[in-house]
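A structural walkthrough
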Amino acid sequence: NTHRDPIIDISLCISLINGGVAGLVGVTCVFPIDLAKTRLQNQQGVQVYKGMFDCLAKTVRAEGYFGCYRGAAVNLTLVTPEKAIKLAANDVFRQKLSKDGHLPLWGEVLAGCGAGTCQVVVTTPMEMLKIQLQDAGRLAPTQAAAAPGPAPSLVAPAARRPSATGITADLLKTRGLAGLYRGAGATLMRDVPFSMIYFPLFANLNALGRQSAGGQADVQAQAPFWQSFVAGCSAGSVAAVAVTPLDVIKTRLQTLQKGEGEDSYRGIVDCTKREGPSAFLKGAACRALVIAPLFGIAQGVYFLGFGEAVLGLLG
Ligand SMILES: *[C@@H]1O[C@H](CO)[C@@H](O)[C@H](O)[C@H]1NC(C)=O
């Protein structure tokens with residue numbers, strides 16, 4: 001671990017391939033739930049959607065199956081660069097914080113936080129675009145019901161349907177780079193606590209049952225696959241649910257187009273006054289259902305050694 005100069009590139013490359021593949025498979029599997037999450041979190045006043053299943057059913061009816069994948073292209077394109085930054089930063093921080101090849105738990109947490117902070121450079125614009133695209137058809141079911149004539153939702157929204165490049169150009173023109181980075185602070189406020197819960201929880205669940213001589217959990221020892229899988233899913237969903245209030249704030253801050261009668265999000269207190277504290281748990285179940293498979297799939301891809309196999313094929 002101490003003198004790893006030539007090794008670092010290879011292991012980073014392997015992690016990157018694994019992370020990229022896991023990201024692509026993960027997005028494909030759970031994006032519709034992520035879309036339901038965004039729409040449920042933005043819902044104020046009129047209850048268009050009663051819950052996750054209702055949201056998915058109405059979305060399919062109003063916008064077709066691909067309607068559930070609005071904004072998925074953003075994730076599919078940017079998930080690999082996002083992972084690259086996080087992995088590289090995590091590696092650098094871990095090396096800097098290690099003493100004699102040993103990294104204490106606080107060092108692991110700190111490295112995770114540092115990596116999360118660097119990742120926000122890609123995550124924020126990514127979330128910004130994804131949220132506008134996911135939210136674009138949110139009120140389509142009500143509009144379809146209100147408008148007379150044959151299923152106008154099938155024809156009309158296509159013309160108004162925004163694209164990622166269109167939104168980017170618009171934001172850059174009207175608000176500059178700051179427009180793309182709206183909600184960066186909220187993203188950090190969500191992702192840093194997430195890592196602070198996820199990393200230690202995962203490390204300890206993963207080491208459960210394997211004690212080192214000192215009686216402490218032996219974090220270094222290799223865990224069997226099923227244990228890492230369960231540890232990843234559990235730590236991911238616990239962390240995801242715990243930071244849901246911060247995610248609601250972030251989603252509302254980043255949503256530019258509000259429906260009729262919906263408030264622009266003015267602040268935390270404002271939100272509790274109007275909707276009660278339960279507003280902060282909107283989309284919590286969806287978040288657990290998005291994050292748990294994402295982390296489980298990642299464990300699976302790492303276990304199968306996808307990156308190793310690809311590099312092996314290349315010689
Ligand atoms: C899409 O990317 C954002 C930003 O990293 C992430 O928060 C979200 O969970 C991703 N969604 C899916 C379904 O992978």
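The name recorded for the chain in an unreviewed UniProt entry is Mitochondrial glutamate carrier 2, from Poecilia latipinna. Quoted verbatim from the Function (unreviewed entry) field of the UniProt record, the comment on the chain reads "Responsible for the transport of glutamate from the cytosol into the mitochondrial matrix with the concomitant import of a proton (symport system)." The UniProt entry for the chain carries this comment under Sequence similarities (unreviewed entry): "Belongs to the mitochondrial carrier (TC 2.A.29) family."

1. Here we look at the environment of Trp106
Tracing the backbone shows Trp106 in helix 4 (residues 105–135). With 94 residues separating them along the chain, Trp106 and Pro200 place their C-alpha atoms 8.9 Å apart.

2. Describing the pattern of salt bridges
Where charged atoms from two side chains of opposite charge come close, those side chains can pair. For the structure on display, the rule yields 15 salt bridges. One salt bridge connects Lys37 with Asp247, and the closest N-O pair in it is separated by 3.0 Å. With Lys37 in helix 1 (residues 5–42) and Asp247 in helix 11 (residues 244–254), this pair connects stretches of sequence that are 210 residues apart. Given a relative accessible area of 0%, Asp247 falls into the buried group. Residues Glu127 and Arg190 are paired through a salt bridge, measuring 2.9 Å at the closest nitrogen-oxygen approach. Linking Glu127 in helix 4 with Arg190 in helix 9 (residues 184–207), this pair joins segments that are 63 residues apart in sequence. On the accessibility criterion, Glu127 (10% relative accessible area) is buried. Relative accessible area serves as the criterion here: at 7%, Arg190 is assigned to the buried category. What you see here is one network of salt bridges that share partners, running through Asp34, Lys37, Glu127, Lys130, Arg190, Asp191, Asp247, Lys250 and Arg287.

3. Overview of the environment of Gly26
Its location among the elements puts Gly26 in helix 1. As for Gly26 and Pro293, which are separated by 267 residues in sequence, their C-alpha atoms are 7.1 Å apart.

4. Quick look at the site of the ligand
Taken together, the residues surrounding the ligand are Val27, Val30, Phe31, Asp34, Asn75, Glu82, Thr123, Met126, Glu127, Lys130, Arg190 and Leu294. The side chain of Asn75 places a nitrogen or oxygen atom 2.5 Å from an oxygen atom of the ligand. At a separation of 2.6 Å, an oxygen atom of the ligand approaches a polar side-chain atom of Glu82. Burial of the ligand by the surrounding chains reaches 87%, relative to a free accessible area of 360 Å². Elements with a minimum of two residues in the shell around the ligand: helix 1, helix 3 (72–97) and helix 4.

5. Some remarks on the nonpolar core
Among the nonpolar cores identified, the biggest contains 12 residues, and these are Val30, Ile33, Ala36, Leu40, Val48, Tyr49, Met52, Cys55, Leu56, Cys68, Cys286 and Val290. Only helix 1, helix 2 (52–63) and helix 13 (284–304) provide two or more residues apiece to this core.

6. Let's talk about the UniProt feature "transmembrane region" (unreviewed entry) in the chain
Under the UniProt annotation, the feature "transmembrane region" (unreviewed entry) is placed at residues 12–33. Secondary structure content for residues 12–33 is 100% helix and 0% strand, and the end C-alpha separation is 30 Å.

7. Quick word on the packing of aromatic side chains
In this structure the tally under the stated criterion is 8 aromatic pairs. With a centroid separation of 6.2 Å and 20 degrees between ring planes, the pair formed by Phe31 and Tyr69 is classed as stacked. Taken together, the positions of Phe31 in helix 1 and Tyr69 in the loop between helix 2 and helix 3 put the pair 38 residues apart, joining distant regions of the chain. The exposure class of Tyr69 is partly exposed, given its relative accessible area of 31%. Connected via pairs of aromatic rings, a cluster forms that spans Phe194, Tyr198, Phe199, Phe202 and Phe295.

Analysis parameters
Residues numbered from 1 in each chain as written. Predicted model: local features only at pLDDT ≥ 70, side-chain atom pairs only at ≥ 80, totals over all residues. Heavy atoms only, no water. UniProt positions renumbered as here; feature names shortened; annotations may be inferred. Helix = DSSP H or I, 4+ residues; strand = E, 2+ residues; numbered from the N terminus. Salt bridge = Lys/Arg side-chain N within 4 Å of Asp/Glu carboxyl O. Buried < 20%, exposed > 50% of the residue type's maximum accessible area, 1.4 Å probe, protein only. Near = heavy atom within 4 Å. Polar contact = N/O pair within 3.5 Å; in protein donor to acceptor, adjacent residues only side chain to side chain. Areas by Shrake-Rupley, 256 points an atom, 1.4 Å probe, with all protein chains shown as cover. Core = buried A, V, L, I, M, F, W, Y, C linked by side-chain atoms within 4.5 Å. Phe/Tyr/Trp six-rings, centres within 6.5 Å; stacked < 30°, edge-to-face > 60°.

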